[in-house]
Amino acid sequence: MSLPFPEPTDPADSRIEVFLGYLDYFRSVLLHKVDGLSDSELRSSRLPSGWTPIELLKHLTYVELRWLEWGFEGRDVGDPWSDNREGRWYVAPDESLGDLVAALHSQAARSRAVIEAHDLTDVGAPGERWDGAAPPPLERVLFHLVQEYARHVGHLDIVRELADGNVGE
């Protein structure tokens, strides 16, 4: 079961808490949608684009890493694109759902620490992530992360319905 949707009328202490609430919610929906899928369903695609549910899980973990740690904070994170091989999302055969769920939880904790250490108006560190453009403030990065999660979790809703008829959040 996923967390309840963070309704706009729910009280929040700050705009940062609103962003954190939405990110927590979308992560919980993501995990709920992959829970119960067989390994075959996790690793096969039902769509012409070819992505799989387990690849989407890994991709969203790396999205957070790229935008918050590598991009916003300017940290050296090794290979920020290791969820990709030849322009496609990639999960190695020996990577398990459990490993990737643990990685998402770990990344969520690191992301929360980055977000809570800054104000929404703080501007990111200059670096390779921005392709020569001026780094954005944290608020813009968080808007991007929320829309990325919402879009991809919506994709996963459709894939899950095609896989076994499971609908809803």
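Conventions we followed
Residues numbered from 1 in each chain as written. Predicted model: local features only at pLDDT ≥ 70, side-chain atom pairs only at ≥ 80, totals over all residues. Heavy atoms only, no water. Helix = DSSP H or I, 4+ residues; strand = E, 2+ residues; numbered from the N terminus. Buried < 20%, exposed > 50% of the residue type's maximum accessible area, 1.4 Å probe, protein only. Contact = heavy atoms within 4.5 Å. Lys, Arg positive; Asp, Glu negative; His and termini not counted. Charge placed at Lys NZ, Arg CZ, Asp CG, Glu CD. Salt bridge = Lys/Arg side-chain N within 4 Å of Asp/Glu carboxyl O. Expected span 1.5 Å × (residues − 1). Arc of directions from axis to C-beta. Axes fitted to C-alpha atoms, helices over the stretch in contact; angles between N-to-C directions. Parallel < 35°, antiparallel > 145°, perpendicular 65-115°, else oblique. Left-handed = near helix turned anticlockwise from the far one by under 90°. Nonpolar A, V, L, I, M, F, W, Y, C, P; charged D, E, K, R; others polar.

1. Comments concerning the overall build of the protein chain
Secondary structure summary: the protein chain contains five helices and two strands in total. Scanning the protein chain from its N terminus toward the C terminus, one meets helices and strands in the order α-α-α-β-β-α-α. Taken along the three principal axes of its C-alpha coordinates, the protein chain extends 45 × 40 × 25 Å. Scored against the burial criterion, the 169 residues of the protein chain give a buried share of 43%. For the protein chain, the proportion of contacts with a sequence separation of at least 24, taken over those separated by at least 6, is 71%. Positive and negative side-chain charges of the protein chain, numbering 16 and 30 respectively, have mean locations separated by a distance of 3 Å.

2. Considerations on unusual backbone geometry
The backbone of glutamate 86 sits at a positive phi, close to 55°, despite the residue not being glycine. The phi dihedral of aspartate 131 falls on the positive side, at around 50°, and the residue is not glycine. Counting through the fold element by element, aspartate 131 comes out in the loop between α4 (97-116) and α5 (138-164).

3. A word on the pattern of salt bridges
The tally for this structure, following the rule as stated, stands at 15 salt bridges. When the shortest N-O distance is used, the salt bridge between glutamate 41 and arginine 46 registers 2.7 Å. Residue arginine 46 is classed as partly exposed on the basis of its relative accessible area, which comes to 37%.

4. As for α4
Look at α4: 28 Å from first C-alpha to last across 20 residues, which is about the 28 Å you get at 1.5 Å a residue. Looking only at α4, the buried set comprises Leu100, Leu104, Gln107, Ala108, Ser111, Val114 and Ile115. Taken around the axis of α4, the buried residues stretch over an arc of 125°, which confines them to a single face.

5. A word on the packing of helix α1 (residues 15-34) against α5
Running from N to C, α1 and α5 point in directions that differ by 20°, and their axes come no closer than 10 Å. Here α5 runs roughly parallel to α1, going by the angle between their axes. Judged by the twist between their axes, the crossing of α1 over α5 is left-handed. Between α1, through Arg15, Phe19, Tyr22, Leu23, Phe26, Arg27, Val29, Leu30, His32, Lys33 and Val34, and α5, the contact on the second element is made entirely by Glu139, Leu142, Phe143, Leu145, Val146, Tyr149, Ala150, Val153, Leu156, Asp157 and Arg160. For the contact of α1 with α5, the residue count by class is 15 nonpolar, one polar and six charged.

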